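Per-entry structural report
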Amino acid sequence: MPFENTGLFMFICKCNGEIKSVDFEKLERYIKKLVDISNIYFINELCRDPAILRKSLKDQNIKTMVIAGCSLYKEAFIEMVESSGLNPLSLELIPFRELSLTIAKDYSAYATLKLSLVLYSIFEKVRHSDVDLLRNAKPRRIKTQSKVSRRSLFRALPQGFTRYEPVPIISRERCIGATVCRFCIDACPRRVLSNIGDDRLSLDHEHCSICGVCVAVCPTGAIQIPNSTDEQLDAQIRGILMNCRDEIPSKIIMFVDSNDYHYLLNSFLDRKLSLPLEVFPLELPTLGLISENILLSSIIYGAHGILIPIIRDENKLDYLHVLYRKVFIVKEIMKSAGLDQDRIIVAEVEPDNLDLLIEKINQIRSRVRAEKIEKLATKQFIGDRRVNFVSIIRTFISNNTPVSDIIDYGDPCPFGEVIIDREKCTMCELCYSKCPTRAFTIIKEVDMITLAFNYQKCVGCTLCSSICPENAISLKRYLSLSNLLNDSPRVLITQELVKCSRCGKPFITRGKLRKIEKIYEGMGAAGVDKLQSLRLCPECK
């Protein structure tokens with residue numbers, strides 16, 4: 001269900017004039033020009049005067065709330081939203097104070113414009129939210145190892161120790177089945193995904209660590225985190241990169257784990273530092289959900305660089321290997337397209353030592369200043385994840401031949417090439433009828449039948465090879481850019497239809513007839529009369 005702008009309220013705190021780097025009059029003009037909503041409120045000191053929030057939650061039909069204020073009061077804002085009956089995942093908090101406080105007043109024009117883009121990108125993210133998905137997001141029991149404030153703990157007591165968290169949700173419409181596709185089940189480090197029968201995938205919400213690996217590896221995008229879906233992140237990235245390109249020519253997207261984000265910002269504040277003005281942080285519930293599409297679309301929309309800081313702790317071990325594999329794949333695709341791979345940097349740092357992160361930020365800043373980057377596309381990538389991936393690759397490669405056609409994707413690989421043993425195949429059409437992604441095509445003519453295969457649609461589930469009664473199908477898993485860009489299905493086999501010896505009507509494939517004849521011969525019924533009867537259509541027998 002699409003989101004209605006009328007349900008979005010935006011509250012921007014002026015921090016009692018403490019932030020000198022932002023011209024709030026200009027900011028208001030920028031926001032009202034970019035954002036198509038009427039419920040925008042500028043408040044002098046929101047943390048000390050939250051009455052307008054409570055009143056709005058009580059009197060207005062609020063569906064989503066965006067607050068630009070202090071991250072210090074995040075728990076209080078969440079409590080306020082939840083006590084009003086709203087799902088706290090409908091709250092978007094921008095750490096306005098931490099982003100702006102230490103920026104010099106001399107850069108006011110730049111800082112004001114940057115903040116307006118951050119606000120607009122959040123608006124675009126919210127605008128592309130799935131209301132039904134948020135509605136289906138349920139609270140779960142608080143685990144003792146979770147990070148829970150005293151306020152949250154006491155608030156949770158009467159509710160049976162529950163709280164809302166962005167646990168992944170499975171789309172039954174997009175999921176191709178837990179029997180044929182096991183990418184998420186096999187990749188889950190906590191083994192909380194399972195096949196519960198009838199080809200249905202189930203997730204144990206209570207024990208899920210929200211590492212995001214299942215989201216990243218799903219080839220169809222059937223698993224999503226409610227407040228950070230593919231469509232939302234794409235819209236948020238576009239909101240930053242596709243606007244004010246002349247005013248802010250260099251933009252670096254910094255994907256950051258929500259558990260690290262506010263720690264990083266406050267660590268910068270403690271050093272009296274700020275994120276460079278060209279660095280735009282994009283907060284994620286987990287870095288583990290980052291897919292190839294997210295990274296590649298950022299480059300396509302014109303990001304000069306991508307920075308992924310990782311604060312080392314044992315909780316991130318669940319997703320680090322998948323994240324590094326995704327980054328490697330994207331870099332290989334960029335290399336094949338003739339683009340600079342070093343525009344993407346992953347920086348692992350110790351919690352008490354940010355010097356390496358600052359070094360990496362300066363490294364990527366120096367690179368982006370030295371080159372001019374053009375956006376490769378303007379259209380938005382929404383909908384089916386595989387279709388979007390093909391579109392993204394086509395945008396990268398354009399009319400050029402890729403430098404490297406075969407990309408080392410690793411295991412498991414969600415791309416496959418079907419190989420048919422033409423001597424064994426009877427054209428029974430079982431692979432065609434059972435393929436969950438419709439990768440096979442049947443072309444029927446008067447006197448022949450053709451089986452074709454579309455590489456773009458195959459996710460390498462191996463169902464076709466496992467159910468083929470003749471063992472005529474084998475599957476080779478690999479990522480080929482040229483095959484991915486080929487829209488035409490590849491002919492696997494064409495067989496003649498044998499005509500009825502009496503009426504002349506084509507009725508059976510040559511392969512099926514050959515198989516039946518062999519069965520008869522094996523039963524000792526190889527006489528001419530017996531075999532000739534097989535060449536009669538059902539109507540003539």
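Look a little higher up for the structure.
Report follows, based on the coordinates. (Residues numbered from 1 in each chain as written. Predicted model: local features only at pLDDT ≥ 70, side-chain atom pairs only at ≥ 80, totals over all residues. Heavy atoms only, no water.)

1. Re the sheet that holds strand 17 (residues 440–444)
Note the threshold: Any two strands with at least two DSSP bridges between them are considered paired. The helix and strand labels rest on DSSP assignments: H or I over at least four residues marks a helix, E over at least two residues marks a strand, and numbering proceeds from the N terminus. Note on geometry: axes are lines fitted to C-alpha atoms, helical ones only across the stretch in contact, with angles between N-to-C directions running from 0 to 180 degrees.
Strands sit in the order 17-18-21-22 across an open sheet of 4 strands; the sheet is antiparallel. Here the strands that pair on one side only, and so sit at the sheet edges, are strand 17 and strand 22 (506–509). Between one strand axis and the next, the sheet turns by 30° as a mean value, whatever way the strands run. Pairing of strand 17 with strand 18 (residues 448–453) involves 5 bridges; the strand directions are antiparallel.

2. Examining the sheet that holds strand 3 (residues 64–69)
Pairing within the open sheet is parallel, and its 4 strands lie in the order 2-1-3-4. Each edge of the open sheet is held by one strand with a lone partner, namely strand 2 (40–43) and strand 4 (91–95). Between one strand axis and the next, the sheet turns through 15° on average, direction left out of account. Pairing of strand 3 with strand 4 involves 5 bridges; the strand directions are parallel. Residue pairing across strands places methionine 65 opposite leucine 91, the latter belonging to strand 4.

3. Topic: the environment of arginine 367
What counts is decided by this rule: The contact criterion used throughout is that any non-hydrogen atoms of two residues lie within 4.5 Å.
In this fold, arginine 367 is placed in helix 14 (residues 355–369). C-alpha of arginine 367 to C-alpha of aspartate 342: the two residues are 25 residues apart in sequence and 8.7 Å apart in space. With sequence-adjacent residues up to four places away left out, arginine 367 is seen in contact with Asp340 and Asp342.

4. What about the packing of helix 12 (residues 292–300) against helix 15 (residues 385–397)?
Spelled out, the test is: By convention the crossing between two helices is left-handed if the near helix lies anticlockwise of the far one by an angle smaller than a right angle, and right-handed if it lies clockwise. Polar here means any residue outside two lists: the nonpolar Ala, Val, Leu, Ile, Met, Phe, Trp, Tyr, Cys and Pro, and the charged Asp, Glu, Lys and Arg; Gly therefore counts as polar.
For the pair helix 12 and helix 15, interaxial distance at closest approach is 10 Å and the crossing angle is 35°. Seen from above, helix 12 lies across helix 15 with left-handed handedness. Of the residues in helix 15, those in contact with Glu292, Asn293, Leu296, Ser297, Ile299 and Ile300 of helix 12 are Arg385, Asn388, Phe389, Ile392, Ile393, Thr395 and Phe396. Here the residues of the contact of helix 12 with helix 15 sort into 7 nonpolar, 4 polar and 2 charged.

5. Considering the pairing of strand 1 (residues 8–13)
Convention followed: To sort residues, take the accessible area from a 1.4 Å probe on protein chains only and compare it with the maximum for the residue type: under 20% means buried, over 50% means exposed, and anything in between is partly exposed.
In terms of residue burial, strand 1 counts as a mostly covered element, since 6 of its 6 residues are buried. Burial of strand 1 is two-sided: the residues Leu8, Met10 and Ile12 facing one way and the residues Phe9, Phe11 and Cys13 facing the other way are all buried. Across 5 bridges, strand 1 lies against strand 3 in parallel orientation. Of the residues in strand 3, the one forming a bridge with phenylalanine 11 is isoleucine 67. As paired strands, strand 1 and strand 2 are joined by 4 bridges and run parallel to one another.

In short, the description is geometric, and any link to function would need to be established separately.
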